[in-house]
Amino acid sequence: MQDMENGGTLKFAVLGTGFWAGYQLAGWRELAGVKPIAFYNRSIEKAAALAHQFGVENVYGNVDELLDKHAHELDFVDIITDVSTHAMLTEKAAERGLDVICQKPMAPTLETAAGMVDTCRAANVALYIHENFRFQAPIRKLKEVLLSGVIGQIFKANVAFCSGFPVFDNQPFLKDLDEFIITDIGSHVLDIARFLFGEVASLYCHTARINAEIKGEDVANVLLRMRNGVSCYVEMSYATIKERESFPQTLVTVEGEKGTVALLNDYEIRVTTIAGTTILKAEPKLYPWIDPAYAVVHASIVDCNRDILESLQGKKNAETTGTDNFETIRLVHAAYRSARENMVIYI
Ligand code: 89V
């Protein structure tokens, strides 16, 4: 539904204007050909404050009202609410023929996620999940190194997001989730594992809650057997006290028959073969609006948005469609089931 009269600029509404929305909008502002025109938030004051910051005139505390008034001029909605409202907002947008971008995690249950994919397919609208971690500069560089073949056939890997960062200060709702770290961080790092090594054949998971002030688990260790035979250990924790805090970096080690690649703190990639070690750097772009405490994550919003925008513009297929991300969400829920039932889950 590209608006040719406006030079092809795609217009969108933001549904949910909490902590993450300001960064998401700043990310959109880095790209030409796309413009927000209306904001919805349950508490309208928050929507008004962000609208003022981004020069948007139309502000609503009721999503139906926004869609009734603006659906005819919108190309897509960008859903930035918490997970409990993703499916409901997706349905409302799809009913009006609007393409949907939705933050991760896609949905609270696998059935709900499947429903979102089906709803959008039936309405003939696109569904994209804003899964940005795979777009981080060091993760892209790491993938390039693996594809170059320098370490040969990969047999083993470790993908780790272990931190003691006080994540609940900025995102207090995370404290109240019955299922916390595998939905919030697992959806990212399990997606990184898929991005780097392909699809999963089976998994086994342990979880723990170390922080007594939260409801869900803040530690999860997931052992994946990839379909190509790679054994990949994905670990995540918000209870880890480290000599050097690494938040929000995902650190990765990949072992192959001819060498090892390690993605370390400060976006350093060390490639070791019998010939020695080569050191590469893959720093995120430091846009003026990013919070340095979230640098690599915030910068990747732009690359994820670009990938989706180019798909909306018909230039390419996006990587993180609803159908693709469903495979990641399948792993998230399989990990919970594995931990609950203490069993290997075959995917
Ligand atoms: O991107 C996220 O999901 C956030 C984080 C704090 C890691 O950036 O929860």
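The structure displayed is predicted, hence computed values, not measured ones.

1. Notes on the overall build of the protein chain
When you go through the protein chain residue by residue, the secondary structure sums to 10 helices and 15 strands. Here the protein chain has a C-alpha radius of gyration of 20 Å; the compact-globule value for 347 residues is 20 Å, and the two agree. Taken along the three principal axes of its C-alpha coordinates, the protein chain extends 60 × 40 × 40 Å. Per-residue burial for the protein chain yields a buried fraction of 55% across its 347 residues. In the protein chain, the share of contacts with a sequence separation of at least 24, taken over all contacts with a separation of at least 6, comes to 67%. Split by element, the accessible area of the protein chain, about 15,000 Å² in all, is 50% carbon and sulfur. Here the protein chain carries 33 positive and 45 negative side-chain charges, and the mean point of each set is 4 Å from the other.

2. Some points on the nonpolar core
If you look at the biggest cluster of nonpolar residues, it comprises 121 residues, and the most contacted ones within it are Phe197, Leu224 and Val234. Leave out the neighbours within four places in its chain, and valine 234 touches Val159, Val189, Leu190, Ala193, Ala220, Asn221, Val222 and Leu224.

3. Concerning the pattern of salt bridges
This model, assessed by the stated rule, comprises 23 salt bridges. Note that lysine 281 and glutamate 283 form a salt bridge whose closest N and O atoms lie 3.8 Å from each other. A relative accessible area of 52% means that glutamate 283 is categorised as exposed. Arginine 306 is the salt-bridge partner of aspartate 303, the closest N and O atoms lying 2.8 Å from each other. Within this pair, aspartate 303 and its partner arginine 306 are both found in helix H9 (residues 295-312), separated by 3 residues, close to a single helical turn. On the accessibility criterion, arginine 306 (30% relative accessible area) is partly exposed. Connected via shared salt-bridge partners are Arg134, Arg140, Asp191, Arg194, Glu199, Glu319 and Asp324.

4. A short note on the packing of helix H5 (residues 110-122) against helix H10 (residues 322-341)
As a packed pair, H5 and H10 sit with axes 9 Å apart at the nearest point and diverge in direction by 170 degrees. Taken together, the axes of H5 and H10 lie roughly antiparallel to each other. Along its contact with H5, which presents Leu110, Ala113, Ala114, Val117 and Arg121, the element H10 presents Gly322, Thr323, Phe326, Ile329, Arg330 and His333. Split into classes, the residues belonging to the contact of H5 with H10 amount to 6 nonpolar, 3 polar and 2 charged.

5. Observations concerning the packing of helix H1 (residues 21-29) against helix H2 (residues 44-54)
Their axes nearest at 11 Å, the elements H1 and H2 cross at an angle of 25 degrees. As the angle between them shows, H1 and H2 are arranged roughly parallel. Handedness of the crossing formed by H1 with H2: right-handed. Here Ala21, Gly22, Leu25, Ala26 and Arg29 of H1 come into contact with H2, specifically with Leu50, Gln53 and Phe54. By residue class, the composition of the contact of H1 with H2 is 5 nonpolar, 2 polar and 1 charged.

What counts, and at which threshold
Residues numbered from 1 in each chain as written. Predicted model: local features only at pLDDT ≥ 70, side-chain atom pairs only at ≥ 80, totals over all residues. Heavy atoms only, no water. Helix = DSSP H or I, 4+ residues; strand = E, 2+ residues; numbered from the N terminus. Rg over C-alpha atoms; globule rule 2.2 N^0.38 Å. Buried < 20%, exposed > 50% of the residue type's maximum accessible area, 1.4 Å probe, protein only. Contact = heavy atoms within 4.5 Å. Areas by Shrake-Rupley, 256 points an atom, 1.4 Å probe, with all protein chains shown as cover. Lys, Arg positive; Asp, Glu negative; His and termini not counted. Charge placed at Lys NZ, Arg CZ, Asp CG, Glu CD. Core = buried A, V, L, I, M, F, W, Y, C linked by side-chain atoms within 4.5 Å. Salt bridge = Lys/Arg side-chain N within 4 Å of Asp/Glu carboxyl O. Axes fitted to C-alpha atoms, helices over the stretch in contact; angles between N-to-C directions. Parallel < 35°, antiparallel > 145°, perpendicular 65-115°, else oblique. Nonpolar A, V, L, I, M, F, W, Y, C, P; charged D, E, K, R; others polar. Left-handed = near helix turned anticlockwise from the far one by under 90°.

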